[in-house]
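Descriptive structure summary
As a plain string of letters, each chain reads:
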Amino acid sequence: MAAPVAIVAAMQEELGALLAVMPDERRVRIAGREFWVGHLQGQSVVAVLSRIGKVAAATTATVLLERFGVRAIVFTGVAGGLAPGVRVGDVVVATRLLQHDLDASPIFPRYEVPLTGHARFATDTVISDALTAAAQKILRNPVALLGQKVVDDFALHAPRLHRGLVVSGDRFIASAADSDALRHDLPDALACEMEGAAVAQVCHDFRVPFAAVRTISDRADDQAHTDFLRFVAAVASRYSLAIITKWLDALPGKAQQEDA
Ligand code: ADE
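Residues numbered from 1 in each chain as written. Predicted model: local features only at pLDDT ≥ 70, side-chain atom pairs only at ≥ 80, totals over all residues. Heavy atoms only, no water.

Approximately 250 Å³ is the volume found for the largest pocket. Forming the walls of the largest pocket are 20 residues, and the residues nearest its centre are Val78, Phe172, Glu193, Met194 and Phe228. When its residues are assigned to classes, the lining of the largest pocket shows eleven nonpolar, three polar and six charged. (1 Å grid on protein atoms, 1.4 Å probe; cavity = no way out; pocket = protein on both sides within 12 Å on 5 of 7 lines; lining within 4 Å. Points joined across faces, edges and corners; volume = space filled by probe spheres on them. Nonpolar A, V, L, I, M, F, W, Y, C, P; charged D, E, K, R; others polar.)

What follows is the structure in structure tokens.
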């Protein structure tokens, strides 16, 4: 039997749509988190809310790897757009992740995780390519997924898919000054969030594939909090469900295939 894959988001609002369709879940409580063990699209899955921030995410990833033996971790949810063309409603698939608030200089170069030699942790190319293909299909017709009213309410016309660097830190970026500083220091960063690079580091240590797909909920500026939770529930959670189920559908290792 194939080991499960893990689907992780930080907050209930980000994963709510996916948890609602997990039919045969068993909930296991460890370290204050509920791990939803079950199946999606015929794949063995463990879904969990990591809680917010790098330490919470790293703890969750470690439990997934050590207690559930997952064969891959995919992080989903929302992020703030940093690069100029990365707009609310776009989707970003990370190719690399970096902790923007990690600085052990002058002992180690800024951003480098001490003793690893890495600042930028690469995601798994096979999973990232599959998530990209799934997201591209979804973004071609957002009205089909979300309905015309939601698309109009959030002005989600012609959403785009981006691939590249995502940066993580223990700070919700909600001012033009802070996002300008990130753009200045890390000009190739597409988006910011608060967990992904920590999970990438844990997966690197365990040699387990990791990927991340995030919907842009705000521009990490002074309006970043406006309608945030409503957007997450109405748009991002549904994008996550659609992208993840498309990916799982195409993934080898379905339970029925093995039983047949
Ligand atoms: N997640 C979504 N938007 C964010 C922001 N502006 N800063 C950090 N994490 C986020």
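Picking up where we left off.
On to the nonpolar core. Core analysis: the biggest nonpolar cluster contains 84 residues, and Leu64, Ile73 and Trp247 have the highest contact counts within it. In terms of residue count, helix H8 (residues 228-250) provides more of this core than any other element does, 13 residues in total. Residues within four places of Leu64 in sequence aside, it is in contact with Ala6, Val8, Phe35, Val46, Val48, Gly69, Val70 and Ile73. Core analysis: the next-biggest nonpolar cluster, separate from the first, contains eleven residues, Leu165, Val167, Leu186 and Ala220 among them. (Core = buried A, V, L, I, M, F, W, Y, C linked by side-chain atoms within 4.5 Å. Buried < 20%, exposed > 50% of the residue type's maximum accessible area, 1.4 Å probe, protein only. Helix = DSSP H or I, 4+ residues; strand = E, 2+ residues; numbered from the N terminus. Contact = heavy atoms within 4.5 Å.)

Here we come to the pattern of salt bridges. Scanning the entire structure with this criterion turns up 15 salt bridges. Two residues, Asp249 and Lys254, come together in a salt bridge whose shortest N-O distance is 2.8 Å. On the basis of relative accessible area, Asp249 is assigned to the partly exposed category, the value being 41%. Among the ionic contacts, a cluster of salt bridges with common partners joins Glu14, Glu193, Glu195 and Arg214. (Salt bridge = Lys/Arg side-chain N within 4 Å of Asp/Glu carboxyl O.)

This part takes up the site of the ligand. Neighbouring the ligand are 13 residues; Gly80, Phe172, Ile173, Glu193 and Asp218 lie closest to it. Separating a nitrogen atom of the ligand from a backbone N or O atom of Gly80 is a distance of 3.3 Å. Between the ligand and the protein, one listed contact pairs a nitrogen atom with a backbone N or O atom of Ile173 at 2.8 Å. A total of 270 Å² of accessible area belongs to the ligand in isolation, and the protein chains cover 96% of it. Most atoms of the ligand, that is more than half of them, are within 2 Å of grid points of the largest pocket. Those elements that place two or more of their residues in the shell around the ligand are strand S5 (72-81), strand S9 (189-193) and strand S10 (210-218). The element contributing the most residues to the shell around the ligand is S5, with three residues. (Near = heavy atom within 4 Å. Polar contact = N/O pair within 3.5 Å; in protein donor to acceptor, adjacent residues only side chain to side chain. Areas by Shrake-Rupley, 256 points an atom, 1.4 Å probe, with all protein chains shown as cover. Sits in = over half its atoms within 2 Å of the grid points.)

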